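Summary of the model geometry
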Amino acid sequence: MKCGHSTEMLAFSKDETIPEEQIILNPGESLKPLEPAHSPQCNCNNKNILRRTYRLFLKRKEQPQGCINSIKLSEKVKITDAEISYYYILNQTKIDCQGYNDASCQITLDVERTYNDIPYFSQGNGKIILKRMLLAYAKYNPNLGYVQGMNLIAAALLWHTSEIHAFWLLVSLINDFDLTALFLPGFPGLEKHCHVADFMLIEYLPALYEHLSRHGIMTQMIMIEWCLTLFTSVIPLDDTIWFFNKFIKHRWVFFYKVFLEVLERLEEKIIRCNSAAAILKIIQKRRNTRQIWDEFLSEMEKPREKLTWEKLIKHAKEKTINEVCIKYLLGQFYNIS
Amino acid sequence: MEVDREFKIVTLGEGRVGKTSLAMRYVRGQFNEKEQSTTNANFLEKNIRINETSIKLNIWDTAGQERFRALAPNYYREAKGALLVYDITDKESFWKVVSWVEELKMQADKDISFVIAGNKCDLELDRQIPKEQAIAYAKQIGAAHYSTSAKSGMGVNECFEEIAKLILDKESRSGSPIRSSKARSRVIVKNQEEVVKKKKSGGCC
């Protein structure tokens, strides 16, 4: 991961460059702790009796970067002093230009309504820290700035790890997992993923695909939310970690496994609906309370099954799908079209 | 309940002006001070009755962030009505409405009906857009203007029902088929044969 070069920030966008005097860098202060401080908020450590690997991990490092379940994620990014100071500098930097100001306005509005049923975000420090993270990202990657959906991903990462870790994980997810194309103006990546999703549905759930098409429901209507939020709008905060761990290892192939697993479990119910409204009522719920999350999960349960998100993710992982096809389609899409 | 007509309606406007809150207030009667931001378009439906015609409104509540504008055509395609929402305490959001109207006139269904809603009227003290200006603009483009507040519920039912009325009016004026008594009489004038057929099939003997 490239970082530590503050000059990167100078390149804002093609036509907007920031006058140098507006950038205030205080590298000397770069290792001061951030206020308010953030620590993982999840329940993972309480639920699990600390595993041996985690104990070793604790011994090796002075401070764990996140919860027991986020070890795999933690290995994805190495946090050195350079990363810490760069994040700090991003926080200190003041930028005044149209693109950044727009992003900043939207972030201010959105942090107010991100997971506001959870006290840490509605009353605690979560709101301030999430805002700090998103603003830092808008400065780090001005071409993307801020797009709705990032707030949910960032909040989910923040829930399980430390602030600096969550920030660099966000950067890594967007850079290394091709989320950039998803968030760019016009959503070029979304088109690509909808194309793959169509393919997957035709191949594995043809009856469902036909039913959806007949009622005028485009894959895009489902994919936009699931793609842009990486399922964080579907999976409750505590359980997002199961998805991230596998996603980082198996990349988009795993995304499609979860996509198919969820839709396969809902297939029967969806096919019984005979209006677009009824179908969308099942697929897109406004999941902002625990109760709605649980309802959604129970709708996916098979007879005599007690489903949890952890189990669902495991089932999804065991699915066999045509991985070569997904990789080919994702890699070649722009060449084909 | 038997449904005579089904209308597709979209809500459009800048982010956080209260599109989702208005739609949720109208359909579910709920208000959530901190409604989550919309990335996906939400789909809501409501059955209403206007002049003895029962109507099902299919409401597509779209995402407001500028970036998502590229996807809006998917939702306003074939829509019969649009609820354009602005926040009375935010000047910019009104200009967004103006630009939406321009876009819809070019891209959307020719017969699309507009209703403009000046939302957040409970914050009258912070008003930045004079009501007269908004009403004058609405008149100019042939739309209705409503002052609404998703928080108090003021004007919410009225603005959605106005859209339904406007669509019904437009349809009856253009003479496209509608299963209401008024429209049926129009058909009689146009096509005698059809009436004869209808009478035959409708007869009890």
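Residues numbered from 1 in each chain as written. Chains lettered and ligands numbered in written order. Predicted model: local features only at pLDDT ≥ 70, side-chain atom pairs only at ≥ 80, totals over all residues. Heavy atoms only, no water.

1. Here we look at the interface of chain B and chain A
A common measure of how large an interface is: the accessible area buried when the components associate. On the side of chain A, 36 residues touch chain B, which itself brings 23 residues to the contact. Here chain B and chain A share 1 salt bridge between them. The salt bridge involving B:E45 is made with A:K281; its shortest N-O contact spans 3.8 Å. Connecting chain B to chain A are 5 residue pairs in polar contact (both at pLDDT 80 or more). Of all the elements in the fold, those that place two or more residues in the side of chain B that touches chain A are α1 (19-28), β2 (42-50) and α2 (72-76) of chain B. Residue contributions to the side of chain B that touches chain A peak at 3 residues, all from β2(B). Among the residues forming the side of chain B that touches chain A, the class breakdown is 8 nonpolar, 10 polar and 5 charged. (Contact = heavy atoms within 4.5 Å. Salt bridge = Lys/Arg side-chain N within 4 Å of Asp/Glu carboxyl O. Polar contact = N/O pair within 3.5 Å; in protein donor to acceptor, adjacent residues only side chain to side chain. Helix = DSSP H or I, 4+ residues; strand = E, 2+ residues; numbered from the N terminus. Nonpolar A, V, L, I, M, F, W, Y, C, P; charged D, E, K, R; others polar.)

2. Things to note about empty space enclosed by the protein
Evaluation of the coordinates by the stated rule reveals 5 cavities of 30 Å³ or more. The computed volume of the second largest cavity comes to approximately 70 Å³. The residue makeup of the lining of the second largest cavity, split by class, is 7 nonpolar, 3 polar and no charged. (1 Å grid on protein atoms, 1.4 Å probe; cavity = no way out; pocket = protein on both sides within 12 Å on 5 of 7 lines; lining within 4 Å. Points joined across faces, edges and corners; volume = space filled by probe spheres on them.)

3. Some remarks on the environment of A:F187
Within the element layout of this structure, A:F187 appears in the loop between α10 (179-183) and α11 (188-204). When sequence neighbours within four positions are dropped, the list of residues in contact with A:F187 reads A:V147, A:A181, A:L182, A:L228, B:R67, B:F68 and B:L71.

4. Observations concerning the sheet that holds strand β3 (residues 53-61) of chain B
Paired through backbone hydrogen bonds, the strands of a sheet run either parallel or antiparallel to each other. Residue and element names in this part refer to chain B. Pairing in this open sheet of 6 strands is mixed, and the strands run β2-β3-β1-β4-β5-β6 from one edge to the other. Of all the strands in the sheet, the pair left with one neighbour each is β2 and β6 (144-147). Between one strand axis and the next, the sheet turns by 25° as a mean value, whatever way the strands run. For β2 and β3, the ladder comprises 9 bridges, and the chain directions are antiparallel. (Pairing = 2+ DSSP bridges. Axes fitted to C-alpha atoms, helices over the stretch in contact; angles between N-to-C directions.)

5. Description of the side chain of A:K257
Residues and elements named next belong to chain A. Examined against the element boundaries, K257 turns out to sit in helix α14 (residues 240-272). Residue K257 is classed as buried on the basis of its relative accessible area of 8%. Not counting chain neighbours up to four residues away, the residues in contact with K257 comprise A316, K317, K319, I321 and E323. (Buried < 20%, exposed > 50% of the residue type's maximum accessible area, 1.4 Å probe, protein only.)

6. Observations concerning the pairing of β6(B)
All names here are of chain B. Taken together, the 4 bridges between strand β5 (residues 113-119) and β6 define a ladder with parallel strand orientation. The partner of G118 across the bridge, within β6, is S147. Considered for its hand, the β-α-β crossover made up of β5, helix α4 (residues 131-140) and β6 is right-handed. (Right-handed = clockwise from strand over helix to strand, strands pointing away.)

7. Observations concerning the pattern of salt bridges
What the rule picks out here adds up to 23 salt bridges over all chains. With a shortest N-O distance of 3.0 Å, B:E66 and B:K96 are connected by a salt bridge. Remark: B:K96 occurs in helix α3 (residues 91-107) and B:E66 occurs in the loop between β3 and α2; sequence separation between them is 30 residues. Taking the relative accessible area as the measure of exposure, B:E66 reaches 45% and is therefore partly exposed. B:D87 serves as the salt-bridge partner of B:K120, at 3.4 Å between the closest nitrogen and oxygen. Within this pair, whereas B:K120 is found in the loop between β5 and α4, its partner B:D87 is found in strand β4 (residues 81-87), the two being separated by 33 residues in sequence. Comparing B:K120 with B:D87, the two get one shared label, buried. Salt bridges sharing common partners tie together A:E261, A:E264, A:R265, A:E305 and A:K319.

8. Digging into the packing of aromatic side chains
The relation between two aromatic rings is expressed through the spacing of the ring centres and the mutual angle of the planes. All names here are of chain B. Applying the stated rule across the entire model yields 32 aromatic pairs over all chains. Between Y86 and F94 the ring centres are 4.9 Å apart and the planes differ by 80°, which places this aromatic pair in the edge-to-face class. The exposure classification of Y86 matches that of F94, with both residues buried. Across from the ring centre of Y26, 4.7 Å away, lies the NZ or CZ of K46, which sits over that ring. Over the face of the ring belonging to W100 we find R69, whose NZ or CZ atom lies 4.1 Å from the ring centre. (Phe/Tyr/Trp six-rings, centres within 6.5 Å; stacked < 30°, edge-to-face > 60°. Lys NZ or Arg CZ within 6 Å of the ring centre and 35° of its normal.)

9. Some thoughts on the domain arrangement of chain A
Residues and elements named next belong to chain A. Assigned domains within chain A: domain 1 (11-176) and domain 2 (183-336). A combined buried area of about 2,100 Å² lies between domain 1 and domain 2, and 70% of that area is made up of carbon and sulfur atoms. For the pair domain 1 and domain 2, the number of links is 0 salt bridges. The interface formed by domain 1 and domain 2 contains 7 residue pairs in polar contact (both at pLDDT 80 or more). Ranked by residues supplied to the side of domain 1 that touches domain 2, first place goes to helix α8 (residues 150-160) with 8 residues. (Domains from an automatic or database assignment. Buried area = accessible area lost by both parts, 1.4 Å probe.)

10. Brief notes about the nonpolar core
Counting 149 residues, the largest nonpolar core has A:F243, A:W252, A:F255 and A:Y256 as the members making the most contacts within it. A total of 18 residues in this core trace back to one element, the largest contributor, which is α14(A). Each of domain 1 (11-176) and domain 2 (183-336) of chain A accounts for three or more of the residues forming this core. Residues in contact with A:Y256, not counting those within four places in the same chain, are A:H193, A:V196, A:A197, A:M200, A:M223, A:I321 and A:I326. In this structure, B:F7, B:V17, B:L22 and B:A164 belong to the second largest nonpolar core, which totals 27 residues. (Core = buried A, V, L, I, M, F, W, Y, C linked by side-chain atoms within 4.5 Å.)

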